[in-house]
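# Breakdown of the fold
Okay, here's what each chain looks like letter by letter:
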Amino acid sequence: MQDYISEVLSKVEAKNANEKEFCQAVYEVLHTLKPVVEKHPEYEKTALLERLVEPERIIMFRVPWVDDKGVVHVNRGYRVQFSGAIGPYKGGLRFHENVNLSIIKFLGFEQIFKNALTGLPIGGAKGGSDFNPKGKSDNEIMRFCQSFMNELQRHIGHNLDVPAGDIGVGAREIGYLFGQYRKIKNAYEAGVLTGKALEYGGSLVRKEATGFGLMYFMHCMLEKHGIDIKDKTVTISGSGNVAIYAAQKAMEMGAKVVAMSDSNGCIYDKNGIDLDEIKRIKEVERLRIKEYLKKHPDAKYSENIEGKTPAVYEIPAQIVLPCATQNDINLQTAQLLTKNGVLAIGEGANMPTDNEAIEYFINNNVLLAPAKAANAGGVATSALEMSQNSMRYSWSYEEVDHKLKEIMVNIYKSCLMAINEYNLGINYSAAANIAGFKKVASAMMEQGII
Ligand code: NDP
């Protein structure tokens, strides 16, 4: 059976040779599926894995826009509709200068399994652009979003494909995208995008959902392994949407968050991070994290150095939450964190730990909550936003938070069931892959060769 999986992996590598991140993500999933695929010879007969690794549709388009000085720029837009087997395509949009097809495909591929794990009827997709929002004025962001939506609107819809935010796309961008969609369609289809502001169809707790969900999952995992989160030292890579609300929930659970970062460097505050100040710097002023020193001169700032371990991982911590970007933790960083006494890693970001580092953590008894399970709270709450939009009704903060918690506990239970059924020890990554895959594979078998 490994032969079938190896064969598919070889084909993926040959066909997508210049898509490093996509090949990495496919390898990470497929090499854990052997015990399931073994039980189902029909998967090979129906080329199920070959179909699963090929997106249903890839859309690439030109995004021209004019900056405040009148200069014309052209970016590239992407939407990869990877799998619609269990529901409308669903997944965020990323605006970042390093976005390319490989990154969007890896994110779309992972989204399939994550969305399946939520237990909600949503397929997998991802999109974005190589547009860099840093330093752009509000008007430039608006014009870019409008141009992006001029094309994207042909390919999305509340029963077809429902984008949301990701890196560089928050409530401001979703607002501009929604406005343009509404104008073009001449209809109020609230459920076409999620992550909307509360005034026009957003859901309470959506903003907090990925970070909160991460900590709900971590709580289940740590409790199961006899670790009390209270008073544990936590460091967090990133200071964006996921990082901020993971920090908030970790603090509410009694942990001490001592470091956060952005792409330039990290701040270390031994007294515990002042999260209100981080929110002001990042959510309101959109400044660099170094700004923190102005109000907290006793804190320390370390610059990231290209090619070296990101500064935030130099700081010893018992719980580490990578909430920034992919491939943040390699083998060398994993060894350093382990040497410094880390007990658990919680992946708020997508694919923040590379495959060698995952293996190292597992072999060294460090718990790892994998992204597909642990950061699924964001998309799950997006699906709750879609439900509320359909009903033309909104739930209270407590109701949504309760549903989110319930979903994260169920995701944890699904992982545990896979661990027990397939004897996976502490390999939560394999467990999440298997649990997500089983649902998608069954749906694909039911629907025939399409
Ligand atoms: P934001 O744009 O709000 O924040 C991103 C943070 O990560 C910023 O602090 C940013 O620093 C840092 N960062 C981004 N790119 C890099 C890079 N190349 N190197 C170092 N640091 C970087 O994004 P989110 O918080 O929404 O997303 C963070 C991660 O979580 C991503 O992997 C995303 O896919 C994942 N995720 C997000 C969900 C959501 O609901 N938003 C849901 C599930 C997963 P700087 O400002 O300097 O760029």
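So, how was this worked out
Residues numbered from 1 in each chain as written. Predicted model: local features only at pLDDT ≥ 70, side-chain atom pairs only at ≥ 80, totals over all residues. Heavy atoms only, no water. Pairing = 2+ DSSP bridges. Helix = DSSP H or I, 4+ residues; strand = E, 2+ residues; numbered from the N terminus. Axes fitted to C-alpha atoms, helices over the stretch in contact; angles between N-to-C directions. Near = heavy atom within 4 Å. Polar contact = N/O pair within 3.5 Å; in protein donor to acceptor, adjacent residues only side chain to side chain. Areas by Shrake-Rupley, 256 points an atom, 1.4 Å probe, with all protein chains shown as cover. Nonpolar A, V, L, I, M, F, W, Y, C, P; charged D, E, K, R; others polar. Phe/Tyr/Trp six-rings, centres within 6.5 Å; stacked < 30°, edge-to-face > 60°. Buried < 20%, exposed > 50% of the residue type's maximum accessible area, 1.4 Å probe, protein only. Lys NZ or Arg CZ within 6 Å of the ring centre and 35° of its normal. Contact = heavy atoms within 4.5 Å. Parallel < 35°, antiparallel > 145°, perpendicular 65-115°, else oblique. Left-handed = near helix turned anticlockwise from the far one by under 90°. Expected span 1.5 Å × (residues − 1). Domains from an automatic or database assignment. Buried area = accessible area lost by both parts, 1.4 Å probe.

## Some points on the sheet that holds strand β11 (residues 344-346)
Read across the open sheet, the seven strands follow the order β9-β8-β7-β6-β10-β11-β12; overall the sheet is mixed. This sheet does not close on itself; its edge strands, each paired only once, are β9 (300-303) and β12 (367-369). Within this sheet the neighbouring strands show an average axis-to-axis angle of 20°, counted without direction. Pairing of strand β7 (residues 256-261) with strand β8 (residues 265-268), which is carried by three bridges, proceeds in the antiparallel orientation. Residue pairing in the sheet places Ser261 in a bridge with Cys266 of β8.

## Describing the site of the ligand
Contacts to the ligand come from 24 residues, most closely from Asp166, Thr210, Ser263, Arg288 and Asn350. Separating an oxygen atom of the ligand from a backbone N or O atom of Gly168 is a distance of 3.0 Å. At 2.9 Å from an oxygen atom of the ligand is found a main-chain nitrogen or oxygen belonging to Ser239. In the complex, the protein chains occlude 85% of the 880 Å² of accessible area that the ligand would expose alone. Contributing elements (two or more residues each) for the shell around the ligand: α9 (206-224) and α10 (241-252). For the shell around the ligand, the residue count by class is five nonpolar, 13 polar and six charged.

## A closer look at the packing of aromatic side chains
On inspection of all chains with the given rule, the structure shows 19 aromatic pairs. Aromatic side chains Phe131 and Phe144 sit 3.8 Å apart centroid to centroid with 5° between the ring planes, which places their arrangement in the stacked category. Placement of Phe131 in the loop between β4 (123-129) and α7 (138-152) and of Phe144 in helix α7 is noted, with a sequence separation of 13 residues between them. Using a relative accessible area of 0% as the deciding quantity, one classes Phe144 as buried. Members of the aromatic cluster, joined through ring pairs, are Phe61, Trp65, Phe95, Phe131, Phe144 and Phe148. The residue whose ring lies beneath Lys136 is Phe131, and the NZ or CZ to ring-centre distance is 5.3 Å. The cationic tip of Lys403 hangs over the ring face of Trp395; the distance from NZ or CZ to the ring centre is 4.5 Å.

## Topic: the sheet that holds strand β2 (residues 72-83)
Strand pairing in a sheet relies on backbone hydrogen bonds, with the paired strands running either antiparallel or parallel. Taken in spatial order, the five strands line up as β1-β2-β4-β3-β5 in an open sheet, and their pairing is mixed. Looking at strand neighbours, the two that pair on one side only are β1 (57-66) and β5 (161-164), the edges of this open sheet. Strand after strand, the sheet turns through a mean of 20° between neighbouring axes, direction not considered. Running over the sheet, α7 touches β1, β2, β3 (89-95), β4 and β5 and is turned about 145° from β1.

## Description of unusual backbone geometry
Although it is not a glycine, Ala47 adopts a positive phi angle of roughly 50°. Even without a glycine there, the phi angle at Asn327 is positive, about 55°. Here Asn327 lies in the loop between β10 (319-322) and α13 (331-339).

## A short note on the packing of α9 against helix α17 (residues 397-422)
Axis separation between α9 and α17 bottoms out at 9 Å; the angle between their running directions is 45°. Taken together, α9 and α17 sit at an angle that is classed as oblique. As α9 packs across α17, the resulting crossing turns out to be right-handed. Residues Glu208, Ala209, Phe212, Gly213, Tyr216, Phe217, Cys220, Met221 and Lys224 of α9 pack against Tyr397, Asp401, Leu404, Lys405, Met408, Val409, Ile411, Tyr412, Cys415 and Leu416 of α17. Here the contact of α9 with α17 is composed, by residue class, of 14 nonpolar, one polar and four charged.

## Observations regarding α17
The terminal C-alpha atoms of α17 lie 38 Å apart, and with 26 residues this matches the ideal 38 Å at 1.5 Å per residue to within 8%. Within α17, burial applies to Val400, Asp401, Leu404, Ile407, Met408, Ile411, Tyr412, Cys415, Leu416, Ala418, Ile419 and Tyr422. The inward-facing, buried residues of α17 abut α3 (34-39), α6 (101-117), α9, α15 (371-374), α16 (377-391) and α18 (428-447).

## Observations regarding the environment of Leu321
Mapping Leu321 onto the fold places it in strand β10. The exposure class assigned to Leu321 is buried, which follows from its relative accessible area of 0%. Remark: the alpha-carbon pair of Leu321 and Phe82, spanning 239 residues in sequence, is separated by 28 Å.

## Remarks on the domain arrangement of the protein chain
Its domain assignment divides the protein chain into domain 1 (2-193) and domain 2 (208-369). Domain 1 puts 17 residues into the contact, and the matching count from domain 2 is 12 residues. Roughly 1100 Å² is buried in total at the junction of domain 1 and domain 2, and carbon and sulfur atoms are behind 42% of that figure. Run the count over domain 1 and domain 2 and you get four residue pairs in polar contact (both at pLDDT 80 or more). Elements with a contribution of two residues or more to the side of domain 1 that touches domain 2: α2 (20-30) and α6.

## Focus: the packing of α17 against α18
Where α17 meets α18, the axes come as close as 8 Å, and the angle between the chain directions of the two elements is 100°. As the angle between them shows, α17 and α18 are arranged roughly perpendicular. For the pair formed by α17 and α18, the contact residues are Tyr412, Ser414, Cys415, Leu416, Ala418, Ile419, Glu421 and Tyr422 on the first element and Tyr428, Ala431, Ala432, Ile434, Ala435 and Lys438 on the second. By residue class, the composition of the contact of α17 with α18 is 11 nonpolar, one polar and two charged.

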